[in-house]
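# Descriptive analysis of the structure
Now for the letters of each chain:
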Amino acid sequence: MDFRQLKQFVVLATELNYRRAAERLNMTQPPLSIAIKRLEAEIGAPLFERDRLGVRLTAAGGAFLGEATRLLDGAQSALEVTRDAAHGRIGTLRVCAVPSAALRLLPLILPEFTRRFPHIRLRLTSGSTVNILGELQRGELDAAFLVPPASRVPGIDMITLNRQRLILAVPGTHPTAGQGTVALSDLGDDTLVTLAHSDSPGFAGEIVAACRQAGFHPKVMQESSHALISLPLIAAELGVAIVPEALRQIAIDNVAYVDLVDVSGAPLTYPMALAVHAHSMNPAVRWFTDTAREVLAAQGDAQPA
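Everything numeric in this text was worked out from a predicted model, so none of it was measured.

## With respect to the packing of helix 6 (residues 106-116) against helix 10 (residues 284-299)
Running from N to C, helix 6 and helix 10 cross one another at 130 degrees; their axes reach a closest spacing of 9 Å. Overall, the two elements helix 6 and helix 10 adopt an arrangement that is oblique. You can see that helix 6 and helix 10 cross each other, and the crossing is right-handed. Two secondary-structure elements touch here, helix 6 through L108, I109, L110, E112, F113 and R116 and helix 10 through W287, F288, T291, A292, E294, V295, L296 and Q299. A class-by-class count of the residues in the contact of helix 6 with helix 10 yields 9 nonpolar, 2 polar and 3 charged.

## A few points about the pairing of strand 5 (residues 143-146)
Burial of the side chains of strand 5 extends over both faces: A143 and F145 are buried on one face and A144 and L146 on the other. One ladder, built from 4 bridges, connects strand 5 with strand 12 (residues 269-277); its direction is antiparallel. Among the inter-strand pairings, F145 is bridged to a residue of strand 12, identified as L274.

## Observations concerning helix 9 (residues 227-235)
Listing the buried residues of helix 9 in full gives A227, S230, L231, L233 and I234. Mapping the buried residues of helix 9 onto a view down its axis gives an arc of 165 degrees, with all of them on the same face. Backbone geometry just after helix 9 places E237 at a positive phi near 60 degrees.

## Digging into the environment of Q76
You can see Q76 is positioned in helix 4 (residues 59-86). Placed 24 residues apart in sequence, Q76 and R52 show a C-alpha to C-alpha distance of 36 Å.

Definitions and cut-offs
Residues numbered from 1 in each chain as written. Predicted model: local features only at pLDDT ≥ 70, side-chain atom pairs only at ≥ 80, totals over all residues. Heavy atoms only, no water. Axes fitted to C-alpha atoms, helices over the stretch in contact; angles between N-to-C directions. Helix = DSSP H or I, 4+ residues; strand = E, 2+ residues; numbered from the N terminus. Parallel < 35°, antiparallel > 145°, perpendicular 65-115°, else oblique. Left-handed = near helix turned anticlockwise from the far one by under 90°. Contact = heavy atoms within 4.5 Å. Nonpolar A, V, L, I, M, F, W, Y, C, P; charged D, E, K, R; others polar. Buried < 20%, exposed > 50% of the residue type's maximum accessible area, 1.4 Å probe, protein only. Pairing = 2+ DSSP bridges. Arc of directions from axis to C-beta.

Spelled out as structure tokens, the structure:
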């Protein structure tokens, strides 16, 4: 007995007419009749009653119909699951993001991705750029949003995204707390709380370069491992911090956010990229990057790779 015989039986049991069943099966009536007789011989019981009034299921045929349908449905489901797995539509995808991307980019992308691929299990984590790059290289992550380093990282492909805005986080008592906008050049006398260069060299380098262009070298007295940890230091009035605009969503006592512009009056920005392992064997990575490109392009956040 094979699945072809089961399908022939189920179609005939549904139609109860050899001619119509043969048409649905794209075959002629004689081979169908022979196939059904062989199936009955193998089972050892008649499945159909045939007389001048037509074709009817026997008690054995009725019992067999339910099991045959279940087997065919199971076989079809197995094929679909296997094909989905091969094409990355089921499985697990490990995604990491720096905090600013977790606050802004992931909420844009994940709803659409989970709608398209509801059977892919997501494992989400957050970390610093340096740690993320190491995990990607070791194959411990599939995709990550990070601030790209200045040079290419072996084994990792980067999809460039639009630069993200920076703002100023200050204590509530700071003179600029009530202002709508502050120029970077006005911060020369302030102490900056910055991201540690060892954790995010790309982000830290952008801040230092922007300050130098504004005519001063930043006075750094405090460092943090990522932008979110900067906020309690600001609340403690240990300095001010240039942070991603996404952090404006985080309300914390004694911290105010102010728009920040560079020497030309333009918003201050920093780079962002979607990074993947160059030789990933997980097919879900392509579905994720495709979805991210489409969603961010519609939001005006994606650039060509």
